[in-house]
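One letter stands for each residue in the lines below.
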Amino acid sequence: MGKTIMQGVLALVCAGALVLTSPAAAQNRAGVEKQFRSWLEQTIWPRAKRQGVGRATFDAAFNGVTLNWKLPDLVPPGTRAQTPKRQRQAEFGSPGKYFNRGSVDGATSVGRQMARQHAATLAAVEARTGVPGRIILAIWGRESGYGRVPIRNNVFEVLGTKGFMSTRAAYFTDELVAALQIAEAGHAPSGAMKSSWAGALGQPQFMPTSFLKYAADGSGDGRADIWRSEADTIASIGNYLARHGWVSGRDWGFEVRVPNSVSCALEGPDQGRRIADWAQMGIARVSGKPFPEHEARAEGFLLMPAGRNGPAFIVTPNFYVLKDYNMSDLYALFVGHVGDRIQYGMGDFSAGWGAVGGLYRSDVASMQRALERMGHDVGGADGLPGFKTRRSIGRWQEATGQTPTCFPQAGMKSALRG
């Protein structure tokens, strides 16, 4: 869209969603809608046709579909991406909020019911893939409440909008074409092409490309139905994790105590060492039990999702397979924790979550830019306090004579200005 068309648009970013106001903005929005229809015809239809999608399927998919201006991270033509100032995702606040009582207890209690109800299927999938049933259950519970959470968004509206005008347009365009392939093949029941706000489908919340690659038949009927079949959902999650490298026989991780002599800046999947070596440094399981012998001989990684302000863990490569399902340390930790509660009856983490967080994403991005200028690799100035940002803060604190805490806090803003 040309600059003159976009003049008068007031773009307000709230939780990543774009809000357009004023009569001029309404006219501009109509113009963007026209561009969207042209994009569908000129870009998406040729790609879909090459993938075997018929015109009838294409027309049915976009019948009545318009842009959804409420979705996050939109960048309409003629505007620039902005770092959201308000946050709604857990990673922007206290990490402890991700483990709220309702979410943990709900996923655990229903998960135990599902473990009994689907014991045979879970055992068969575990034997075939090596992925423990408790892990599959925890993902299923987190993604869709074991199929009980309503999924109402039109996947073609979501992926069409984000493919046309989002910060990751190329990615969502690929997903849109894959969704059309799913519709053409008739994989989904009638009216079931509903998705999350990000375009994820069915009970395991697979993106369309993941469905095409990893959906599996767990019921033996020759179909992979992640919408109605619980057996297929279980099999598909197990297949996904196995194909992403799940190591059979290894756990996901262990809660530990990290002595002050061990720097929190040693966190990360690129700083692994034998778990026995971590133990020699003074890191011990909170349970008081030794690490299992087969785990002690293998590689482990330090994870401190709130820095020194929360529980700490030694995790295995399987933890990072869980992150392949959802690129969040807290997500993977939730899945491992709930899985353990389902099978072993474990309680809460031993260490509590400190009162950290409360920062705007733009605040964290500013700190990241300042650290980058000092030569630190923070993983990108995206406002997300991932492990590279956490340990960079710890290294900066150590270099400036501070006690390392490895987590962004409000008192750092004046010293770390991007």
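Structure: above.
Predicted model, so just to flag it, every value in this text is computed and none were measured.

K.L.:
Account for the overall build of the protein, naming residues and giving values.
P.N.:
Counting its regular elements, the protein contains 16 helices and nine strands. A compact globule built from 418 residues would reach a C-alpha radius of gyration of about 22 Å, and the protein, at 23 Å, matches this within 12%. Projected onto the principal axes, the alpha-carbon positions of the protein cover approximately 65 × 60 × 35 Å. When burial is assessed residue by residue, the protein has 52% of its 418 residues classed as buried. In the protein, the proportion of contacts linking residues at least 24 apart, taken out of those at least 6 apart, comes to 69%. Put simply, the protein shows about 18,400 Å² of open surface, and 49% of that area lies on carbon and sulfur atoms. Where the 48 positive side-chain charges of the protein centre and where its 34 negative ones centre are 6 Å apart.

K.L.:
Describe the state of the cysteines, naming the residues involved and giving the relevant values.
P.N.:
Counting across every chain of the model gives one disulfide. Two residues share a disulfide in this structure: C264 and C406, whose sulfurs sit 2.1 Å from each other. Judged by the torsion about the S-S bond (80°), the C264/C406 disulfide is right-handed. Here C264, found in the loop between strand 5 (253-257) and strand 6 (273-274), pairs with C406, found in the segment after helix 16 (387-399); they are 142 residues apart in sequence, far enough to count as distant. Overall, C264 belongs to the buried group, its relative accessible area being 1%. What makes C406 buried here is its relative accessible area of 0%.

K.L.:
For the side chain of N309, give the residues involved together with the corresponding values.
P.N.:
Among the structural elements, N309 can be located in the loop between strand 8 (299-303) and strand 9 (312-315). Residues in contact with N309, not counting those within four places in the same chain, are G352, W353, G354, V356, T405, F407 and Q409.

K.L.:
Which residues make up the pattern of salt bridges, and what values do they have?
P.N.:
Between side chains of opposite charge, a pair can form as their charged atoms come close. One pass over the full model with this rule turns up 19 salt bridges. For D251, the salt bridge identified is with R134, shortest N-O distance 3.1 Å. In this pair, D251 is assigned in the loop between helix 10 (230-243) and strand 5 and R134 in helix 6 (residues 133-144), connecting sequence segments 117 residues apart. Classification of R134 as buried rests on a relative accessible area of 8%. Counted as one network, the salt bridges with shared partners bring together R101, D105, R341 and D348.

K.L.:
How would you summarise the environment of V315 if you had to cite specific residues and measurements?
P.N.:
Take V315: it is sitting in strand 9. Along the primary structure V315 and G133 are separated by 182 residues, whereas in three dimensions their C-alpha atoms are 19 Å apart. Ignoring sequence-local partners within four residues, the contact set of V315 consists of W252, G253, G300, F301, L303 and Y320.

K.L.:
Mind laying out the layout of surface pockets, listing which residues take part and the relevant values?
P.N.:
In this structure, the second largest pocket occupies an estimated 360 Å³ of space. Lining the second largest pocket are 18 residues, with F254, E255, R285, D340 and M346 sitting closest to its centre. Those elements that provide at least two residues to the lining of the second largest pocket are strand 5 and helix 14 (329-344). Tallied by class, residues from the lining of the second largest pocket come to seven nonpolar, five polar and six charged.

K.L.:
Mind laying out the side chain of T405, listing which residues take part and the relevant values?
P.N.:
Note that T405 resides in the segment after helix 16. Since its relative accessible area comes to 18%, T405 is described here as buried. A polar contact of 3.5 Å, which involves the side chain of T405, links it to the side chain of Q409. With residues up to four places along the chain from it excluded, the contact list for T405 reads C264, A306, G307, R308, N309, Q397 and M412.

K.L.:
So what's going on with the sheet that holds strand 9? Residues and values would help.
P.N.:
Spatially, five strands are ordered 6-8-9-5-7 in an open sheet, and the strand pairing comes out antiparallel. Strands with a single pairing partner mark the edges of an open sheet, and in this sheet they are strand 6 and strand 7 (284-285). Where strand 6 meets strand 8, two bridges bridge the pair, whose relative direction is antiparallel. The residue bridging R273 from the neighbouring strand is G300, located in strand 8.

K.L.:
Break down the pairing of strand 5 for me, with residues and values.
P.N.:
The buried fraction of strand 5 amounts to four of the five residues, a majority that puts the element mostly inside the structure. Judged from the four bridges that link them, strand 5 and strand 9 form a sheet pairing that is antiparallel. In the sheet register, E255 faces strand 9, and the bridge partner there is F313. For strand 5 and strand 7, the ladder comprises two bridges, and the chain directions are antiparallel. By the bridge assignment, R257 is partnered in strand 7 with A284.

Rules and cut-offs
- Residues numbered from 1 in each chain as written.
- Predicted model: local features only at pLDDT ≥ 70, side-chain atom pairs only at ≥ 80, totals over all residues.
- Heavy atoms only, no water.
- Helix = DSSP H or I, 4+ residues; strand = E, 2+ residues; numbered from the N terminus.
- Rg over C-alpha atoms; globule rule 2.2 N^0.38 Å.
- Buried < 20%, exposed > 50% of the residue type's maximum accessible area, 1.4 Å probe, protein only.
- Contact = heavy atoms within 4.5 Å.
- Areas by Shrake-Rupley, 256 points an atom, 1.4 Å probe, with all protein chains shown as cover.
- Lys, Arg positive; Asp, Glu negative; His and termini not counted.
- Charge placed at Lys NZ, Arg CZ, Asp CG, Glu CD.
- Disulfide = S-S within 2.5 Å.
- Salt bridge = Lys/Arg side-chain N within 4 Å of Asp/Glu carboxyl O.
- 1 Å grid on protein atoms, 1.4 Å probe; cavity = no way out; pocket = protein on both sides within 12 Å on 5 of 7 lines; lining within 4 Å.
- Points joined across faces, edges and corners; volume = space filled by probe spheres on them.
- Nonpolar A, V, L, I, M, F, W, Y, C, P; charged D, E, K, R; others polar.
- Polar contact = N/O pair within 3.5 Å; in protein donor to acceptor, adjacent residues only side chain to side chain.
- Pairing = 2+ DSSP bridges.

By themselves, these figures tell us nothing about what the structure is for.
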